[in-house]
Each structure stands twice: as structure tokens, then as C-alpha cells.
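Given next are the chains, with one letter for each unit.
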Amino acid sequence: MTANAGDGNPFLVPGRWYRGNLHMHSTNSDGAKSPADAVAWYRDAGYDFVALSDHHVVSDTTAYAQPGFVTIPGVEMHGPDPYTGERYHILATGVSGFERSSESWGPQEAIDRVNAGGGIAVMAHPYWLGQSANDMLEIEGFVGMEVFNSVTDVTRAKGFSGVTWDEYLLQAGLTWGFATDDSHWKHGAQGRGWVMVRTEDFTPAGLVDAMRRGLFYSTMGPEIVDLQVDDDQVRVRTSPAARISFIAARSRGSSHLAGSEPLTAAVHERRGTEVYIRVEVEDATGRIAWSNPILI
């Protein structure tokens, strides 16, 4: 288990919602925009926070923060993965204590270094990497995985990792799902996936802590307005949707399709064997929002 069982539902805590992207690149690695222009794109697009996550290098973006817009230090780390035989990709947010990652670090060392500096580590685009839930079972300390990565969807049709997420939830326990765009400013991937974080502490540390606790949902556009769980039901309210699904372990769960009018709410009647519940909301254009899983 990589997350705390008592967390994962931001609708139970006070605070405001903040929109952010955790994964994108600049000319400090292989992106086509300068750090200043890359960060400015998100600020101008109405995001509340962003992390520049260039390959191997932690860039100082504090000069680009403004009142009402926060920047968080980030990096995408790589190195040999003994479980897949390929190179791992780990997204780190809120990092401190090092300015560059090293190809000599294995995945566990990379995660440990991030955690030692107060950051969070996320397994990046597992479907694109061919990384299975089983490959992650020996790794500890990451808080989640990318359930959606826009650039790997646009370029390879391997951006959606929901199956990998569900396999991990069943085999190992809770971990959170992050949507990112991973923009390199070359493929039209920007702005297609982000997180909505709920917190009373709109600072880099406050946002990172909220994400560590799963107090966010991920989306390509649809909104999750409310999510409540009691002994008998799981209830969700959403923006207009073509489909609302309650995803649970194995064959459990349920899915609701809109009729002549879009859905804006749905209810799952608990069977007592779901293990966990997470919600997916799909709109009429195929864009999806994902809640984090809740143990039930």
C-alpha cells in the first residue's frame, strides 16, 4: 500500500479547489518552450499551479510565481528498472535536496530521495512503458501513478492506464491516480489532463501535502461536484455526463449511461464486496474525470 487508508476523498475536507499540472517540459530538457514561456502558458490558461518536470534537472521556477499562481519544483527521473528491464520514469513533485537526478539511481533509491526531501513520487505513464502492476509491487513509497498522460495518448495511443491502476489496487492496496499532459510543446498535448486539488493551504508545501493524501481528483474536463460514501450507497454528483461508472475490485461496481438527457448524478448500491470504489465520469466528447479510490 502506497497511500493512507483514511484519505482519498477531497469532498470530506474544507478548502478551495485548485487546478494544476504536474508534468511538462521545457528547453531545459526536450521541450520546445523556454521555462518562462512554458510556465506562462498554464498561468494564462487559468491554472492555479504548475510543476516544471524536465528530465533529470530540477529547475528553479520561483521567479515565475505570481499572486494567485504557484510554481512547484519538479523533475522526471530515469534509470534502470530491474523489474521491467527498461528505464523507469518517475515523476517527482515538491522535490528538494538535489538539483539533478542520476541514471545510476534505481527506482527505489529515486523514490527514497524524493521522500527524504518532502516531495511526492508518481509512476509515470505505465501503459506507455509497458509497466504492469506486478512490476511495481516491490517498489515502496510512491503515492500514485498517472492514470492519464496526454502526450503518450496523442503520440502512441497509450495514455490511459486505468487497467494498470485497478490491478495495483487489487493486488497491493491504495494508490492515487494522476492526470497530466506531459507537454513538450510539439504534439498538441497541452491542457488535456490536470488535477483538481482541495486544500486550505495554497502554497507549494500545502498543495503537495494535499496530493500526498489523495485530496484531489483528476480530469480531462468533466467535473466531480461531490462524492459521498455511507454503509449502503456511494453517491456522486457531476457536470453533465454521458456515462458515470463506479469502478471496484474484480467484477464489482456499476456503470450508468445517459438517456435522452445527460447524467448529473448517479448512485451505486453497495454489495459489501467492492474492496474499493473509484468513480469515472465521461462526457459527450469522450473526456474523462477520475476520483481517487476509497476503501469500503
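On a predicted model such as this, the values are computed, not experimentally measured, just so you know.

What counts and what doesn't
- Residues numbered from 1 in each chain as written.
- Predicted model: local features only at pLDDT ≥ 70, side-chain atom pairs only at ≥ 80, totals over all residues.
- Heavy atoms only, no water.
- Helix = DSSP H or I, 4+ residues; strand = E, 2+ residues; numbered from the N terminus.
- Rg over C-alpha atoms; globule rule 2.2 N^0.38 Å.
- Contact = heavy atoms within 4.5 Å.
- Areas by Shrake-Rupley, 256 points an atom, 1.4 Å probe, with all protein chains shown as cover.
- Lys, Arg positive; Asp, Glu negative; His and termini not counted.
- Charge placed at Lys NZ, Arg CZ, Asp CG, Glu CD.
- Core = buried A, V, L, I, M, F, W, Y, C linked by side-chain atoms within 4.5 Å.
- Buried < 20%, exposed > 50% of the residue type's maximum accessible area, 1.4 Å probe, protein only.
- Salt bridge = Lys/Arg side-chain N within 4 Å of Asp/Glu carboxyl O.
- Phe/Tyr/Trp six-rings, centres within 6.5 Å; stacked < 30°, edge-to-face > 60°.

Colleague: Please clarify how the overall build of the chain should be interpreted in this entry.
Modeller: A tally of helices and strands in the chain yields 7 helices and 17 strands. On C-alpha atoms alone, the chain measures out to a radius of gyration of 18 Å, which is about the 19 Å that the 2.2 N^0.38 rule sets for 296 residues. For the chain, the spread of C-alpha atoms along the principal axes amounts to about 50 × 40 × 35 Å. Taking contacts inside the chain between residues at least 6 apart in sequence as the whole, the part at least 24 apart equals 62%. By element, 47% of the accessible surface of the chain is carried by carbon and sulfur atoms, the whole surface being about 11800 Å². Between the mean site of the 23 positive side-chain charges and the mean site of the 37 negative ones, the chain shows a separation of 3 Å.

Colleague: I keep staring at the nonpolar core and nothing clicks. Help me out?
Modeller: Side chains of nonpolar character tend, in soluble globular proteins, to be buried together. Phe-49, Met-77, Phe-178 and Met-211 are the most contacted members of the largest nonpolar core, which has 53 residues in total. Look past the residues within four positions of Phe-178 in its chain and what remains in contact with it is Leu-22, Val-122, Val-143, Gly-144, Met-145, Glu-146, Val-147, Phe-148, Val-195, Met-211, Phe-216 and Ser-218.

Colleague: Would you mind showing me how to read the pattern of salt bridges here?
Modeller: Side chains bearing opposite charge may pair, as long as their charged atoms lie close to each other. Applying the stated criterion to the full structure yields 10 salt bridges. It is possible to trace a salt-bridge network through shared partners that takes in Asp-166, Arg-278 and Glu-280.

Colleague: Explain the packing of aromatic side chains here, please?
Modeller: The geometry of two aromatic rings is summed up by the distance between their centres and the angle between their planes. Counted by the stated rule, this structure contains 16 aromatic pairs. The interplanar angle of 15° and the centroid separation of 6.4 Å between the aromatic rings of Phe-11 and Tyr-217 together place this pair among those described as stacked. Note that Phe-11 is positioned in the segment before strand E1 (16-21) and Tyr-217 in strand E9 (residues 216-219), a separation of 206 residues in sequence. Measuring from ring centre to ring centre gives 5.3 Å for Phe-98 and Trp-105, while their planes differ by 85°; the resulting arrangement is edge-to-face. Residue class for Trp-105 comes out buried when judged on its relative accessible area of 7%.

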